[in-house]
Amino acid sequence: MSRDINDQQWAVGFMTTEGKYFTCETFGFALNSAALNMKKKQEWTIIAGGESNLWKIRSHVGRYLSHDKRGKVVADVENPGEEELFLFEYLQDNSGRFAIKSKKYNMYLRRDGEKQFSGNHRDPESYWYIRLFVHPQVNIFTISRRKYAKLIDTYDDMYKNGPRRIATTEVIPWGAECVFTVVYVDGKYAIKAGPSVLKSDGSLGNDIGQDSLFTLEVMQGQNHGLVFKDRKGWPLSFSGPEGQLKTRDKTHAADKLFKLEDSDGQVAIMAYNDKYVSCSHGETLLANKKREKTDDGKDSPMSQNELFQLEWDTGSKQWMFRSVRDKYWSYSQTDGLLSMITVHENKRSGHGLFDLEYQEGEKVAFKSKTGNYVTCKGNGSLGCSSTTVGENEKFRMVLENRYTIVLGCQHGFMNFKTPESTRIQCNKATYDTFILIKAPTEGYYIKGSNNKYWTLDDHDTLESANTETITFLLEFCDASRIQIKASSNGRYLLGEQNGLVTATADKKKATMWEF
């Protein structure tokens, strides 16, 4: 699964009207439409072809789809030219179906059973559905408004009036309210905010129905982005001063184009003094914030100043901590104190790059490029001058921007073996949305859609079968990836190609789960 979609290049799958996926085999680049599930061999990248609605189509092995004058369709071209340009012609029946047409030869990509060939006219054998090949939990960006979507709840300080709704108010997507799940349902998409689902009139419902399903069209050229259309063919847009998401008319314009972006993990960081690190004091970082309790005794949400986004630097293979002010942690070479600097200064100096060294339980130490560790001093200030790890160098990171979590790996998504089973497997084409509940002391309780908690059976196989809770620890290990440790036996989850998930691995062999 790709972790990001930009507005001129999209990772997708092409599905026939019979529910089978266009496939490019790894060896020989053979094409067929036989696969029932969308995995790596069914991934295609569509790339803007320079003119409006022109696309180049690249397979998972990096070769391009091509169409010659005799109607032969192959996917073995390394350097795309005119024969590798295609148009997408969407049907006007609000079904989301479209045809793929060769620009040069005006012929359509068709199939005869599971084989691929081309023809001179459109018919049901030349119709496809497009499916996004991305992790389903994303941030939603409005291209013309230049803001991100957020769930506005009745308790929100800024928007106290009105029902719960999704508005486009955020310059930077911060917190769980800005994370949405795009759910694929029979060629269409639903947009979920936690357990609620967006309806075309802008209201939020409990169940996915015809009024909450949208067809998807991918546009490029001067106006490029994603278009979500309701069952009347009206595109999703935004309305009013806060930009509430809803459909309002059938016209197509720039205000009806969206972009989906990867949602990085955002964490609250608690020091040895049981207080959270905050950037509410200008450039200074202090561990001086207590988490408040709600009237019913639950932990209240952290403010944006106490959330930090974990960003993976691929060059150094280290982590950066970004604040809501769009600045990053950095340490001074003179006194070792931590403060906030701009991303440009951070990448230039390298003083904001850290390794995560996990300790006992879920405690973690932050090691800088110099080999020193971040430490919390008696007054709550943070420094980076300690050469060893003691209690003052141990922190607890709590994932805050996920009410629910979707997990995937190289084999597929985590989901139940069958709808009736409690066994969880990791090679599924569809996913279950798990509820993530922070445990009082450390780790998380994880609940499946069957309302049962994760547990391990007598063979350490993962199930969602318990009414009682056991904790699992999340360890960040790569860009938007975690390793999961079962606290009951101290072993990590291992996902295998046959779908089996067991808590039997050490850290070196543990599966990295995309979240």
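Residues numbered from 1 in each chain as written. Predicted model: local features only at pLDDT ≥ 70, side-chain atom pairs only at ≥ 80, totals over all residues. Heavy atoms only, no water.

J.: Please explain the overall build of the chain as it appears in this structure.
T.: Counting its regular elements, the chain contains one helix and 49 strands. In summary, the chain has a C-alpha radius of gyration of 24 Å against a globular reference of 24 Å for 515 residues, a match within 12%. Taken along the three principal axes of its C-alpha coordinates, the chain extends 75 × 55 × 45 Å. Here the chain holds 515 residues, and the buried ones make up 57% of them. Long-range pairs, those at least 24 residues apart, make up 53% of the contacts in the chain between residues at least 6 apart in sequence. About 22000 Å² of surface is accessible on the chain, with carbon and sulfur atoms providing 45% of the total. (Helix = DSSP H or I, 4+ residues; strand = E, 2+ residues; numbered from the N terminus. Rg over C-alpha atoms; globule rule 2.2 N^0.38 Å. Buried < 20%, exposed > 50% of the residue type's maximum accessible area, 1.4 Å probe, protein only. Contact = heavy atoms within 4.5 Å. Areas by Shrake-Rupley, 256 points an atom, 1.4 Å probe, with all protein chains shown as cover.)

J.: I would appreciate a short explanation of the layout of surface pockets in the present structure.
T.: The gaps left among the atoms become clear once a water-sized probe is rolled over them. The space that makes up the second largest pocket amounts to roughly 590 Å³. Forming the walls of the second largest pocket are 26 residues, and the residues nearest its centre are K192, G194, P195, T404 and T433. Every element with two or more residues in the lining of the second largest pocket is listed here: β16 (180-185) and β17 (188-193). With three residues, β16 is the largest single contributor of residues to the lining of the second largest pocket. Looking at the lining of the second largest pocket residue by residue, the class counts come to eleven nonpolar, seven polar and eight charged. (1 Å grid on protein atoms, 1.4 Å probe; cavity = no way out; pocket = protein on both sides within 12 Å on 5 of 7 lines; lining within 4 Å. Points joined across faces, edges and corners; volume = space filled by probe spheres on them. Nonpolar A, V, L, I, M, F, W, Y, C, P; charged D, E, K, R; others polar.)

J.: It is not clear to me how the environment of Y373 should be interpreted in this structure. Could you clarify?
T.: Relative to the assigned elements, Y373 resides in strand β34 (residues 373-376). Among the residues examined, Y373 registers a relative accessible area of 9% and is labelled buried. Residues Y373 and K394, spaced 21 residues apart in sequence, show a C-alpha to C-alpha distance of 9.4 Å. If near-sequence neighbours (up to four positions away) are discounted, Y373 is found in contact with E357, A365, F366, K367, G383, C384, S385, S386, T387, T388, V389 and E393. Among the polar contacts made by the side chain of Y373, one reaches the side chain of E357 at a distance of 2.9 Å. (Polar contact = N/O pair within 3.5 Å; in protein donor to acceptor, adjacent residues only side chain to side chain.)

J.: Could you clarify how one ought to interpret the packing of aromatic side chains in this entry?
T.: For the coordinates displayed, the defined rule picks out 26 aromatic pairs. With centroids separated by 5.7 Å and ring planes inclined at 20 degrees, the aromatic side chains of W55 and F88 adopt a geometry described as stacked. Of the two residues, W55 sits in strand β5 (residues 54-59) while F88 sits in strand β8 (residues 86-90), which places them 33 residues apart along the sequence. For W55, a relative accessible area of 0% translates into the label buried. By relative accessible area, F88 is classed as buried at 2%. Measuring from centroid to centroid gives 4.8 Å for F141 and Y148, while their planes differ by 50 degrees, and the two rings are tilted. (Phe/Tyr/Trp six-rings, centres within 6.5 Å; stacked < 30°, edge-to-face > 60°.)

J.: When you look at the pairing of strand β48 (residues 501-505) in this model, what are you seeing that I'm missing?
T.: Looking along a regular strand, one sees the side chains alternate between the two faces of the sheet. The element β48 is extensively covered by neighbouring structure, given that four of its five residues are classed as buried. Looking at chain direction, strand β47 (residues 492-495) and β48 are connected through four bridges and run antiparallel. Its bridge partner lying in β48, L494 is registered against T502. Remark: five residues form the turn of the hairpin made by β47 and β48, two consecutive strands paired antiparallel; G499 in that turn has positive phi of roughly 100 degrees. (Pairing = 2+ DSSP bridges.)

J.: Could you clarify how one ought to interpret unusual backbone geometry in this entry?
T.: The phi angle of most residues is negative, glycine excepted, and most peptide bonds adopt the trans form. Non-glycine residue F29 carries a positive phi angle of around 60 degrees. Tracing the chain through its elements places F29 in the loop between β2 (21-24) and β3 (31-35). Relative accessible area serves as the criterion here: at 23%, F29 is assigned to the partly exposed category.

J.: I would appreciate a short explanation of the side chain of R165 in the present structure.
T.: Relative to the elements of secondary structure, R165 occurs in strand β15 (residues 165-170). Looking at R165, its side chain comes within polar contact range of the side chain of E242, at 2.5 Å.

J.: Help me understand the pairing of strand β35 (residues 382-386), please; the structure alone is not making it clear to me.
T.: Among the five residues of β35, four are classified as buried, and the element is accordingly described as predominantly covered. Where β34 and β35 come together, three bridges link them in antiparallel fashion. Residue pairing in the sheet places Y373 in a bridge with S386 of β35. Counting the residues between successive antiparallel strands, the hairpin from β34 to β35 contains five residues, one of them, G380, with a positive phi of roughly 90 degrees.

J.: Looking at this model, I keep getting lost on the pattern of salt bridges. Mind explaining?
T.: Two side chains carrying opposite charge are able to pair once their charged atoms lie near each other. For the coordinates displayed, the defined rule picks out 27 salt bridges. Between E400 and R291 there is a salt bridge; the shortest N-O distance is 2.3 Å. Within this pair, whereas E400 is found in the loop between β36 (395-399) and β37 (404-405), its partner R291 is found in the loop between β27 (284-289) and β28 (308-313), the two being separated by 109 residues in sequence. Taken individually, E400 and R291 each receive the classification buried, so the pair is uniform in this respect. One connected set of salt bridges, linked through shared partners, spans R248, D249, D255 and K256. (Salt bridge = Lys/Arg side-chain N within 4 Å of Asp/Glu carboxyl O.)

J.: Explain the side chain of Q137 to me, please; I cannot follow it from the model alone.
T.: Relative to the helices and strands, Q137 resides in strand β13 (residues 137-142). Q137 sits in the buried class, given a relative accessible area of 2%. A polar contact is formed between the side chain of Q137 and the backbone oxygen of T404, at a distance of 3.0 Å.

J.: Help me out: how do you make sense of the environment of G412 in this one?
T.: Note that G412 resides in strand β39 (residues 412-416). The exposure class of G412 is buried, given its relative accessible area of 12%. Between the C-alpha atom of G412 and that of M38, which follows or precedes it by 374 residues, the distance is 8.7 Å. Non-local contacts of G412, meaning those with residues more than four positions away in its chain, are made with C426, N427 and K428.

J.: In this structure, what is going on with the nonpolar core? I would like to understand it.
T.: One broad rule of soluble globular proteins: the nonpolar side chains tend to lie buried together. Counting 53 residues, the largest nonpolar core has F14, W44, I46, L65 and F88 as its most contacted members. If you tally residues by element for this core, the top one is strand β1 (residues 9-16), at five residues. (Core = buried A, V, L, I, M, F, W, Y, C linked by side-chain atoms within 4.5 Å.)

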